[in-house]
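# An overview of the molecular structure
Chain by chain, the residues run as shown.
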Amino acid sequence: MIDLSLHDTGPRNLRVREFYLGRQPILDRNQTLFGYELLFRNAPVGPANITNELAATAAVIAHASQLGMEKTIGDALGFVNVDADVLMTDIFPFLPREKVVLEIAETLPLTPPLLARMTELAGHGFRFALDDVTGESANVAALLPLVDYVKMDLRNLPLAALMKLVPRFRQEQKKLVAEKVETREEFKNCLDLGFDFFQGYYFSKPVIMSGKKLSPSQLAVMELMTLVTSEADNQEIERAIKRDVSLALNLLRLVNTPAVGARQRIDSLSQAVTILGRRQLQRWLQIMLYAEPSKRGHSMTPLLMLATTRGRLLELLAGKLRPSQRHSADIAFTVGIMSLMDTLFGIPMSEILAQIPVNEEVSEALLYRGGFFGDLLKLAECIERIEEMDDYIVPTLRDLAMSTDELVELEMAAFEWSDNVVRYAL
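All of these numbers come straight from a predicted model, not from anything done at the bench. Residue numbers here run from 1 along each chain, matching the order of that chain's written sequence. The predicted nature of this model means local features are confined to residues of pLDDT at least 70 and side-chain atom pairs, given and counted, to a pLDDT of 80 or more, with totals for whole chains, interfaces and linings taken over all residues. With hydrogens and water set aside, each side-chain value is computed from the structure's full complement of heavy atoms.

## Describing empty space enclosed by the protein
Definitions used throughout: a 1 Å grid over protein atoms alone; a cavity as a set of points that fits a 1.4 Å probe which cannot get out; a pocket as an open set with protein on both sides within 12 Å along at least five of seven lines; a lining residue as one with an atom within 4 Å of a point. Grid points are joined across faces, edges and corners, and a volume is the space filled by probe spheres set on the points. Throughout the structure, instances matching the rule amount to 1 cavity of 30 Å³ or more. For the largest cavity, the calculated volume is near 170 Å³. Helix and strand definitions follow DSSP, with helices as H or I runs of at least four residues and strands as E runs of at least two, each counted in order from the N terminus. Mapped by element, the contributors of at least two residues to the lining of the largest cavity are strand 1 (20-27), helix 12 (302-321), helix 17 (371-384) and helix 19 (404-424). If one sorts the elements of the lining of the largest cavity by residue count, helix 12 sits on top with 6 residues. Each residue is assigned to one of three groups, with Ala, Val, Leu, Ile, Met, Phe, Trp, Tyr, Cys and Pro labelled nonpolar, Asp, Glu, Lys and Arg labelled charged, and all others, Gly among them, labelled polar. A breakdown of the residues in the lining of the largest cavity according to their chemical character gives 11 nonpolar, 2 polar and 4 charged.

Quick look at the structure:
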């Protein structure tokens, strides 16, 4: 792991044009992160001012590439919308072909030069996804040999239609992506039908399960968090860590990474607790809650990625808006990373807050989205669902006196930090 306070001074000064950047996770059948659809907009109020809906992506591909695609998607694939005009440009040298899937609409007007261009790009190693497929049209038939992925929107296709289309495309050995999966039931239906990948925020919606018990590992982390926030002494914290072998090993691994800066190898838990410090220890524990014990070390669960990105984005926003109040940035990180714990545990947020001591500002933000930190949390949630951002994000940015350039810089920094934490910290 990289120091959990990496880039605490904020992101580097990046040059970008005004655009919004959102990324929606695409999960595999095990609900592990596979890729992101990258969603770009070049106007503050959604696509209303975009004369060509898909051309909005083209306007910023080069800029996103200059910022670093690896910061945006990490080890995942990036699905990027392109239209006919984009396909005929020379923009593709900016894109890492092994990391990008070019997403085209079923309604794309086909011409011989366009098909030839797609064939050429495929020959250079670019992959294509066919989006919003609703049936077996002439366009679908013409494009199918060139695409690896077929995407179907659950809002546009009833279950009966999916049952007919899925076998057809599976016969052609295409990877199937279900879009707009918003409930667990929809996920299960698509899983049973044979879809390979799933896009939507069903995984982040809390499913409240009465009487659900936390795993022993989660209980150990919760106990440690309580000890750290209640300022227990180091010996008591050390004893609690020793009761969970996995936690102890991960902590020792953490303090021996170059980023922590220990001058010699640390093999003692008491030394580890001292070197890491309370603030870093609390942050590490908050992140560890989202890492499944069986997957620690190679965890790419969507909740972990979402929680770490959200926590870091809120921290950066608070640091930008209240630069002289370091404590505000710490509170903002806590609000962001705790905001998904009701989903993680399947129990109401009020019950979680009864177990973890938090101050009134954190409680108000988590329960009611109230106060300064509640406003930041609402903004982050809105960004994650970029199609739903129009009614809230513009007035919020205005109230915060923040430009879209600044927002995108913070997003990119949060993406990069989250990827580093997930890849190296656990």
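## A look at the nonpolar core
With 124 residues, the main nonpolar core has Leu87, Met152, Leu251 and Tyr290 as its most contacted residues. Among the elements that take part in this core, helix 12 stands out by supplying 10 residues, more than any other. Residues belong to one nonpolar core when they are buried, are Ala, Val, Leu, Ile, Met, Phe, Trp, Tyr or Cys, and are joined through side-chain atoms within 4.5 Å. Relative accessible area decides the class of each residue, using a 1.4 Å probe on protein chains only: under 20% of the type maximum gives buried, over 50% gives exposed, and in between gives partly exposed. If you look at the next biggest cluster of nonpolar residues, it comprises 8 residues, including Leu77, Phe79, Ala129 and Phe197.

## A look at the packing of aromatic side chains
In this scheme Phe, Tyr and Trp rings, the latter by its six-membered ring, pair at centre separations within 6.5 Å, and the angle between planes marks the pair as stacked below 30 degrees, edge-to-face above 60, and tilted otherwise. In this structure the tally under the stated criterion is 11 aromatic pairs. With a centroid separation of 5.1 Å and 75° between ring planes, the pair formed by Phe372 and Phe373 is classed as edge-to-face. Across the pair, exposure class does not vary: Phe372 and Phe373 are buried alike. By way of ring pairs, the aromatic residues Phe187, Phe198, Tyr201, Tyr202 and Phe203 are connected into one cluster. For a ring to carry a charge above it, either NZ of a lysine or CZ of an arginine must fall within 6 Å of the ring centroid while also lying within 35 degrees of the normal to the ring plane. Between the NZ or CZ atom of Arg283 and the centre of the ring of Phe333, over which it lies, the distance is 3.9 Å. The ring of Phe373 has Arg322 sitting right over it, with the charged end atom 5.8 Å from the ring centre.

## Regarding the packing of helix 11 (residues 269-288) against helix 13 (residues 326-338)
Every angle, taken between N-to-C directions, lies between 0 and 180 degrees, and every axis is a line fitted to C-alpha atoms, over only the stretch in contact when it is a helix. Taken N-terminus to C-terminus, the directions of helix 11 and helix 13 make an angle of 15°; their axes are 10 Å apart at the nearest point. In terms of axis orientation, helix 11 runs roughly parallel to helix 13. Relative to helix 13, the crossing made by helix 11 is left-handed. Each of Arg279, Gln282, Arg283, Gln286 and Ile287 in helix 11 lies in contact with helix 13, whose residues at this interface are Arg326, Asp330, Phe333, Thr334 and Ile337. Grouping the constituent residues of the contact of helix 11 with helix 13 by class yields 3 nonpolar, 3 polar and 4 charged. Angles are sorted into four bins: roughly parallel if under 35 degrees, roughly antiparallel if over 145, roughly perpendicular if 65 to 115, and oblique for all others. Handedness of a crossing is defined here by the sense of rotation of the near helix relative to the far one, left-handed for an anticlockwise turn of less than a right angle and right-handed for a clockwise turn. Contacts are assigned to residue pairs with any non-hydrogen atoms lying within 4.5 Å of each other.

## Thoughts on helix 12
How far a helix is expected to stretch is found by multiplying one less than its residue total by 1.5 Å. Given a rise of 1.5 Å per residue, 20 residues ought to cover 28 Å, and the 28 Å separating the end C-alpha atoms of helix 12 matches this to within 8%. Within helix 12, 17 of the 20 residues are buried, which leaves the element mostly enclosed by the surrounding structure.

## Side note on unusual backbone geometry
Here Asp132, not a glycine, exhibits a phi torsion of approximately 55°, which is positive. Of note, Asp132 is situated in the loop between strand 5 (127-131) and helix 5 (138-143). Asp132 sits in the partly exposed class, given a relative accessible area of 33%. A positive phi angle, close to 60°, is found at Gln173, a residue other than glycine. As for its placement among the helices and strands, Gln173 is situated in the loop between helix 6 (159-171) and strand 7 (175-179).

## Quick notes on the environment of Met305
With respect to the secondary-structure elements, Met305 resides in helix 12. You can call Met305 buried: its relative accessible area is 4%. Residues Met305 and Asp419, 114 residues apart in the sequence, show an inter-C-alpha distance of 7.4 Å.

## Overview of the pairing of strand 7
Burial analysis of strand 7 places 4 of its 5 residues in the buried class, which makes it a mostly covered element. With 5 bridges connecting them, strand 6 (residues 149-153) and strand 7 associate as parallel partners. Its bridge partner lying in strand 7, Asp153 is registered against Glu179. Chirality of the crossover, the property in question, places the unit of strand 6, helix 6 and strand 7 among those that are right-handed. Assignment of crossover handedness uses the view with strands pointing away from the viewer, where a clockwise path from the first strand over the helix to the second indicates a right-handed crossover. Chirality of the crossover, the property in question, places the unit of strand 7, helix 7 (residues 184-193) and strand 8 (residues 197-199) among those that are right-handed. Strand pairing follows a simple DSSP-based rule, namely that at least 2 bridges must link the two strands.

## A closer look at the side chain of Glu106
Tracing the backbone shows Glu106 in the loop between strand 4 (100-105) and helix 4 (112-123). In this structure Glu106 is buried but unpaired, with Arg168 as the nearest side chain of opposite charge at 11 Å. Polar contact is the term for a pair of N or O atoms within 3.5 Å; when the atoms are in protein, one must be able to donate a hydrogen and the other to accept it, and sequence-neighboring residues count only if both atoms are side-chain atoms. A distance of 2.9 Å separates polar atoms of two side chains, one belonging to Glu106 and the other to Ser137. If we skip the residues at most four places from it in the chain, Glu106 touches Leu130, Asp131, Asp132, Val133, Thr134, Gly135, Ser137, Asn139 and Val140. Only four residue types enter the tally: Lys and Arg on the positive side, Asp and Glu on the negative side, with His and both chain ends excluded. Salt bridges are defined by distance alone: a side-chain nitrogen of Lys or Arg within 4 Å of a carboxyl oxygen of Asp or Glu.

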